[in-house]
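One-letter residues, chain by chain:
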Amino acid sequence: MHESWKPFLESEFSKPYFKELANFLHEAYDTKTIYPKKSLVFSAFTIDLNEVKVVILGQDPYHTPGAAHGLAFSVPNSAPIPPSLINIYKEIDNDIGHHCNKTGYLGSWQKQGVLLLNTVLTVEAHKAGSHRGKGWEIFTTEVIKYLNETRPHLVFILWGRDARNKKSLIDENKHLILESPHPSPLSAYSGFFGNHHFSRANEFLNSHGMDKIEW
(Lines give C-alpha, C1' and ligand atoms only; values in the text may rest on other atoms or scores of the structure.)
Protein backbone atom coordinates (compact mmCIF):
# COMPACT_ATOMS: atom_id res chain seq x y z
CA MET A 1 0.00 0.00 0.00
CA HIS A 2 1.20 3.51 -0.79
CA GLU A 3 2.09 5.57 2.27
CA SER A 4 -0.33 8.33 1.22
CA TRP A 5 -3.20 6.02 2.22
CA LYS A 6 -1.72 5.20 5.62
CA PRO A 7 -3.68 7.65 7.84
CA PHE A 8 -7.00 6.65 6.28
CA LEU A 9 -6.33 2.91 6.30
CA GLU A 10 -4.99 2.83 9.85
CA SER A 11 -8.12 4.61 11.00
CA GLU A 12 -10.39 2.11 9.22
CA PHE A 13 -8.42 -0.94 10.37
CA SER A 14 -8.97 0.09 14.00
CA LYS A 15 -12.77 0.25 13.73
CA PRO A 16 -14.96 -2.56 15.13
CA TYR A 17 -16.49 -3.48 11.74
CA PHE A 18 -13.05 -4.01 10.22
CA LYS A 19 -11.83 -6.07 13.14
CA GLU A 20 -14.84 -8.36 12.61
CA LEU A 21 -14.07 -8.50 8.88
CA ALA A 22 -10.42 -9.33 9.63
CA ASN A 23 -11.44 -12.20 11.91
CA PHE A 24 -13.73 -13.56 9.21
CA LEU A 25 -10.96 -13.34 6.62
CA HIS A 26 -8.36 -15.02 8.82
CA GLU A 27 -10.62 -18.04 9.21
CA ALA A 28 -11.64 -18.01 5.55
CA TYR A 29 -8.06 -17.97 4.27
CA ASP A 30 -7.11 -20.74 6.72
CA THR A 31 -9.95 -23.07 5.76
CA LYS A 32 -10.97 -22.29 2.16
CA THR A 33 -9.58 -21.10 -1.15
CA ILE A 34 -9.96 -17.33 -1.26
CA TYR A 35 -9.06 -14.89 -4.05
CA PRO A 36 -6.97 -12.87 -4.38
CA LYS A 37 -4.14 -14.17 -2.23
CA LYS A 38 -3.63 -12.26 1.03
CA SER A 39 -0.70 -10.21 -0.19
CA LEU A 40 -2.74 -8.80 -3.09
CA VAL A 41 -6.00 -7.87 -1.37
CA PHE A 42 -5.05 -4.18 -1.10
CA SER A 43 -3.27 -3.89 -4.45
CA ALA A 44 -5.64 -1.10 -5.50
CA PHE A 45 -4.07 1.07 -2.81
CA THR A 46 -0.54 0.92 -4.19
CA ILE A 47 -1.48 4.00 -6.23
CA ASP A 48 -0.54 7.38 -4.75
CA LEU A 49 -3.72 8.88 -3.31
CA ASN A 50 -2.64 12.31 -4.53
CA GLU A 51 -2.42 11.08 -8.13
CA VAL A 52 -5.87 9.50 -8.34
CA LYS A 53 -7.87 11.02 -11.19
CA VAL A 54 -10.39 8.30 -12.03
CA VAL A 55 -12.10 5.73 -9.82
CA ILE A 56 -13.50 2.64 -11.54
CA LEU A 57 -15.76 0.76 -9.16
CA GLY A 58 -16.77 -2.84 -9.81
CA GLN A 59 -18.37 -5.60 -7.75
CA ASP A 60 -16.20 -8.39 -6.34
CA PRO A 61 -13.03 -10.15 -7.55
CA TYR A 62 -12.91 -12.86 -10.20
CA HIS A 63 -13.61 -16.17 -8.48
CA THR A 64 -11.69 -18.46 -10.85
CA PRO A 65 -8.05 -19.57 -10.38
CA GLY A 66 -5.29 -17.27 -11.58
CA ALA A 67 -7.49 -14.26 -12.29
CA ALA A 68 -7.97 -11.98 -9.27
CA HIS A 69 -4.92 -9.96 -8.21
CA GLY A 70 -6.41 -7.01 -6.35
CA LEU A 71 -7.22 -4.60 -9.19
CA ALA A 72 -10.85 -4.47 -10.30
CA PHE A 73 -11.47 -5.98 -13.77
CA SER A 74 -7.74 -6.66 -14.23
CA VAL A 75 -5.99 -10.04 -14.50
CA PRO A 76 -2.28 -10.96 -14.61
CA ASN A 77 -0.55 -10.85 -17.98
CA SER A 78 -0.54 -14.65 -18.16
CA ALA A 79 -4.30 -15.05 -17.62
CA PRO A 80 -6.96 -15.18 -20.34
CA ILE A 81 -8.89 -11.94 -20.74
CA PRO A 82 -12.24 -12.37 -18.92
CA PRO A 83 -15.54 -11.73 -20.71
CA SER A 84 -16.25 -8.53 -18.76
CA LEU A 85 -12.89 -7.08 -19.70
CA ILE A 86 -13.34 -8.13 -23.33
CA ASN A 87 -16.53 -6.06 -23.31
CA ILE A 88 -14.69 -3.13 -21.69
CA TYR A 89 -12.11 -3.25 -24.48
CA LYS A 90 -14.90 -3.41 -27.07
CA GLU A 91 -16.47 -0.28 -25.63
CA ILE A 92 -13.11 1.52 -25.63
CA ASP A 93 -12.62 0.57 -29.28
CA ASN A 94 -16.10 1.82 -30.19
CA ASP A 95 -15.75 4.96 -28.09
CA ILE A 96 -12.25 6.25 -28.85
CA GLY A 97 -10.96 4.01 -31.63
CA HIS A 98 -8.68 1.52 -29.91
CA HIS A 99 -7.52 0.21 -26.55
CA CYS A 100 -3.84 0.24 -25.59
CA ASN A 101 -3.51 -2.97 -23.55
CA LYS A 102 -2.45 -6.18 -25.24
CA THR A 103 -3.35 -8.38 -22.24
CA GLY A 104 -5.90 -8.21 -19.42
CA TYR A 105 -3.49 -6.52 -17.02
CA LEU A 106 -4.60 -2.96 -16.23
CA GLY A 107 -1.50 -1.79 -14.39
CA SER A 108 -0.94 0.86 -17.06
CA TRP A 109 -4.27 2.43 -16.09
CA GLN A 110 -3.29 2.44 -12.44
CA LYS A 111 0.03 4.15 -13.25
CA GLN A 112 -1.92 6.94 -14.95
CA GLY A 113 -4.09 7.61 -11.89
CA VAL A 114 -6.95 5.13 -12.19
CA LEU A 115 -8.03 3.54 -8.91
CA LEU A 116 -9.38 0.08 -9.80
CA LEU A 117 -11.57 -0.78 -6.85
CA ASN A 118 -14.21 -3.42 -6.20
CA THR A 119 -16.97 -2.88 -3.65
CA VAL A 120 -15.95 -6.22 -2.07
CA LEU A 121 -12.24 -7.11 -2.07
CA THR A 122 -12.26 -10.89 -1.55
CA VAL A 123 -14.25 -13.92 -2.70
CA GLU A 124 -14.36 -17.67 -2.14
CA ALA A 125 -13.26 -19.75 -5.11
CA HIS A 126 -16.09 -20.45 -7.58
CA LYS A 127 -18.64 -18.61 -5.40
CA ALA A 128 -19.36 -15.16 -6.81
CA GLY A 129 -20.59 -12.72 -4.18
CA SER A 130 -19.69 -15.05 -1.32
CA HIS A 131 -18.03 -12.29 0.75
CA ARG A 132 -20.79 -9.74 0.43
CA GLY A 133 -22.22 -8.52 3.70
CA LYS A 134 -19.07 -9.26 5.69
CA GLY A 135 -17.89 -5.66 6.07
CA TRP A 136 -16.17 -4.85 2.79
CA GLU A 137 -19.08 -2.69 1.66
CA ILE A 138 -18.61 -0.50 4.74
CA PHE A 139 -14.90 -0.20 3.99
CA THR A 140 -15.37 0.78 0.36
CA THR A 141 -18.10 3.24 1.32
CA GLU A 142 -15.54 4.94 3.56
CA VAL A 143 -13.00 4.91 0.71
CA ILE A 144 -15.45 6.66 -1.61
CA LYS A 145 -16.40 9.19 1.06
CA TYR A 146 -12.73 9.91 1.74
CA LEU A 147 -11.94 10.42 -1.94
CA ASN A 148 -15.01 12.59 -2.39
CA GLU A 149 -13.94 14.85 0.46
CA THR A 150 -10.18 15.03 -0.06
CA ARG A 151 -9.61 14.98 -3.83
CA PRO A 152 -10.74 17.56 -6.42
CA HIS A 153 -12.36 16.85 -9.78
CA LEU A 154 -12.40 13.05 -9.83
CA VAL A 155 -14.18 10.88 -12.36
CA PHE A 156 -16.19 8.14 -10.66
CA ILE A 157 -17.10 5.30 -13.04
CA LEU A 158 -19.76 3.06 -11.49
CA TRP A 159 -20.48 -0.21 -13.30
CA GLY A 160 -23.20 -2.50 -11.99
CA ARG A 161 -25.73 -2.31 -9.18
CA ASP A 162 -23.28 -2.64 -6.29
CA ALA A 163 -21.13 0.18 -7.63
CA ARG A 164 -24.08 2.41 -8.49
CA ASN A 165 -25.34 2.12 -4.92
CA LYS A 166 -22.38 4.33 -3.94
CA LYS A 167 -23.55 7.24 -6.09
CA SER A 168 -25.17 9.08 -3.18
CA LEU A 169 -21.76 9.35 -1.49
CA ILE A 170 -20.35 11.52 -4.28
CA ASP A 171 -20.72 15.29 -4.70
CA GLU A 172 -21.91 15.75 -8.29
CA ASN A 173 -21.04 19.45 -8.17
CA LYS A 174 -17.39 18.60 -7.56
CA HIS A 175 -16.85 15.33 -9.44
CA LEU A 176 -18.05 13.62 -12.61
CA ILE A 177 -20.19 10.52 -12.08
CA LEU A 178 -20.53 8.05 -14.94
CA GLU A 179 -22.76 5.04 -14.35
CA SER A 180 -24.09 2.13 -16.37
CA PRO A 181 -24.88 -1.57 -16.15
CA HIS A 182 -21.97 -3.93 -15.53
CA PRO A 183 -19.83 -5.00 -18.54
CA SER A 184 -20.64 -8.65 -17.86
CA PRO A 185 -22.09 -10.51 -20.87
CA LEU A 186 -25.29 -10.77 -18.84
CA SER A 187 -25.83 -7.01 -18.79
CA ALA A 188 -23.48 -5.33 -21.27
CA TYR A 189 -26.19 -4.99 -23.92
CA SER A 190 -28.52 -3.34 -21.41
CA GLY A 191 -26.65 -0.05 -21.42
CA PHE A 192 -22.94 -0.67 -20.95
CA PHE A 193 -22.20 -0.68 -24.65
CA GLY A 194 -22.50 2.85 -25.95
CA ASN A 195 -21.99 4.54 -22.58
CA HIS A 196 -18.93 6.48 -23.90
CA HIS A 197 -17.45 6.56 -20.41
CA PHE A 198 -13.86 6.60 -21.64
CA SER A 199 -14.15 9.64 -23.90
CA ARG A 200 -16.36 11.45 -21.38
CA ALA A 201 -13.81 10.81 -18.60
CA ASN A 202 -11.00 12.20 -20.73
CA GLU A 203 -13.02 15.26 -21.70
CA PHE A 204 -13.64 16.01 -18.02
CA LEU A 205 -9.97 15.53 -17.12
CA ASN A 206 -8.84 17.79 -19.95
CA SER A 207 -11.36 20.46 -18.93
CA HIS A 208 -9.72 20.57 -15.49
CA GLY A 209 -6.16 20.69 -16.79
CA MET A 210 -5.31 17.03 -16.31
CA ASP A 211 -3.80 14.61 -18.79
CA LYS A 212 -6.21 12.17 -20.39
CA ILE A 213 -6.00 8.44 -19.69
CA GLU A 214 -4.51 6.29 -22.42
CA TRP A 215 -7.14 3.59 -22.31
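Worth saying up front: this structure is predicted, and the values here are computed from it rather than measured.

Chemist: Report on the overall build of the protein chain, specifying residues and quantitative values.
Modeler: For the protein chain, the helix and strand inventory stands at seven helices and six strands. In the protein chain, the succession of α and β elements from N to C terminus is α-α-β-β-α-α-β-β-α-β-α-β-α. The globule rule puts the C-alpha radius of gyration for 215 residues at 17 Å, and the 16 Å found for the protein chain is close to it. When the backbone C-alpha atoms are referred to their principal axes, the protein chain occupies close to 45 × 35 × 30 Å. The buried share of the protein chain, reckoned over its 215 residues, is 54%. A fraction of 68% describes how many contacts in the protein chain between residues 6 or more apart in sequence connect residues 24 or more apart. Of the roughly 10,000 Å² that the protein chain leaves accessible, carbon and sulfur atoms contribute 50%. When the 22 positive and 23 negative side-chain charges of the protein chain are each reduced to one mean point, those points stand 3 Å apart.

Chemist: I'd like to hear about the side chain of Glu91, residue by residue, with values.
Modeler: Checked against the element boundaries, Glu91 lands in helix α3 (residues 83-96). Although Glu91 is buried, it forms no salt bridge, and the closest oppositely charged side chain is Arg200 at an N-O distance of 8.7 Å. Not counting residues up to four positions away in its chain, the partners in contact with Glu91 are Phe192, Phe193, Gly194, Asn195, His196 and Phe198.

Chemist: Break down the sheet that holds strand β2 (residues 54-58) for me, with residues and values.
Modeler: Reading across the sheet, the four strands line up as β3-β2-β5-β6 and stay open at both edges, with parallel pairing between neighbours. Two strands close off the open sheet at either side, each with one partner strand: β3 (114-118) and β6 (176-180). Pairwise comparison of adjacent strand axes, ignoring direction, gives a mean angle of 15 degrees for this sheet. Two elements, β2 and strand β5 (residues 155-159), share four bridges in a ladder whose sense is parallel.

Chemist: Describe in detail the environment of Tyr89, supporting the description with residues and values.
Modeler: With respect to the secondary-structure elements, Tyr89 resides in helix α3. Residue Tyr89 is classed as buried on the basis of its relative accessible area, which comes to 4%. Separated by 46 residues in the primary sequence, Tyr89 and Gly135 have C-alpha atoms spaced 31 Å apart. Here Tyr89 is in contact with Ile81, His99, Asn101, Thr103, Gly104, Leu106 and Trp109, once residues within four sequence places are set aside.

Chemist: Go over the packing of helix α2 (residues 16-31) against helix α5 (residues 136-150), please, and point to the residues and values.
Modeler: Two elements in contact, α2 and α5, have axes separated by 9 Å at closest approach and are oriented at 130 degrees. Between α2 and α5, the angle is such that the two are oblique. Relative to α5, α2 is oriented so that their crossing is left-handed. Contacts between α2 and α5 involve Tyr17, Phe18, Leu21 and Leu25 from the first element and Trp136, Ile138 and Phe139 from the second. In the contact of α2 with α5, the residues fall into seven nonpolar, no polar and no charged.

Chemist: Let's hear about unusual backbone geometry: which residues, and what values?
Modeler: Between Tyr35 and Pro36 the backbone carries a cis peptide bond, its omega angle lying at -10 degrees. Structurally, Pro36 is set in the loop between β1 (34-35) and β2. Positive phi outside glycine occurs at Phe73, with the angle close to 70 degrees. Of note, Phe73 is situated in the loop between β2 and α3. We classify Phe73 as buried; its relative accessible area is 6%. Even without being a glycine, His196 presents a positive backbone phi close to 55 degrees. Along the chain, the position of His196 falls in the loop between β6 and α7 (197-207).

Rules of the game
Residues numbered from 1 in each chain as written. Predicted model: local features only at pLDDT ≥ 70, side-chain atom pairs only at ≥ 80, totals over all residues. Heavy atoms only, no water. Helix = DSSP H or I, 4+ residues; strand = E, 2+ residues; numbered from the N terminus. Rg over C-alpha atoms; globule rule 2.2 N^0.38 Å. Buried < 20%, exposed > 50% of the residue type's maximum accessible area, 1.4 Å probe, protein only. Contact = heavy atoms within 4.5 Å. Areas by Shrake-Rupley, 256 points an atom, 1.4 Å probe, with all protein chains shown as cover. Lys, Arg positive; Asp, Glu negative; His and termini not counted. Charge placed at Lys NZ, Arg CZ, Asp CG, Glu CD. Salt bridge = Lys/Arg side-chain N within 4 Å of Asp/Glu carboxyl O. Pairing = 2+ DSSP bridges. Axes fitted to C-alpha atoms, helices over the stretch in contact; angles between N-to-C directions. Parallel < 35°, antiparallel > 145°, perpendicular 65-115°, else oblique. Left-handed = near helix turned anticlockwise from the far one by under 90°. Nonpolar A, V, L, I, M, F, W, Y, C, P; charged D, E, K, R; others polar.

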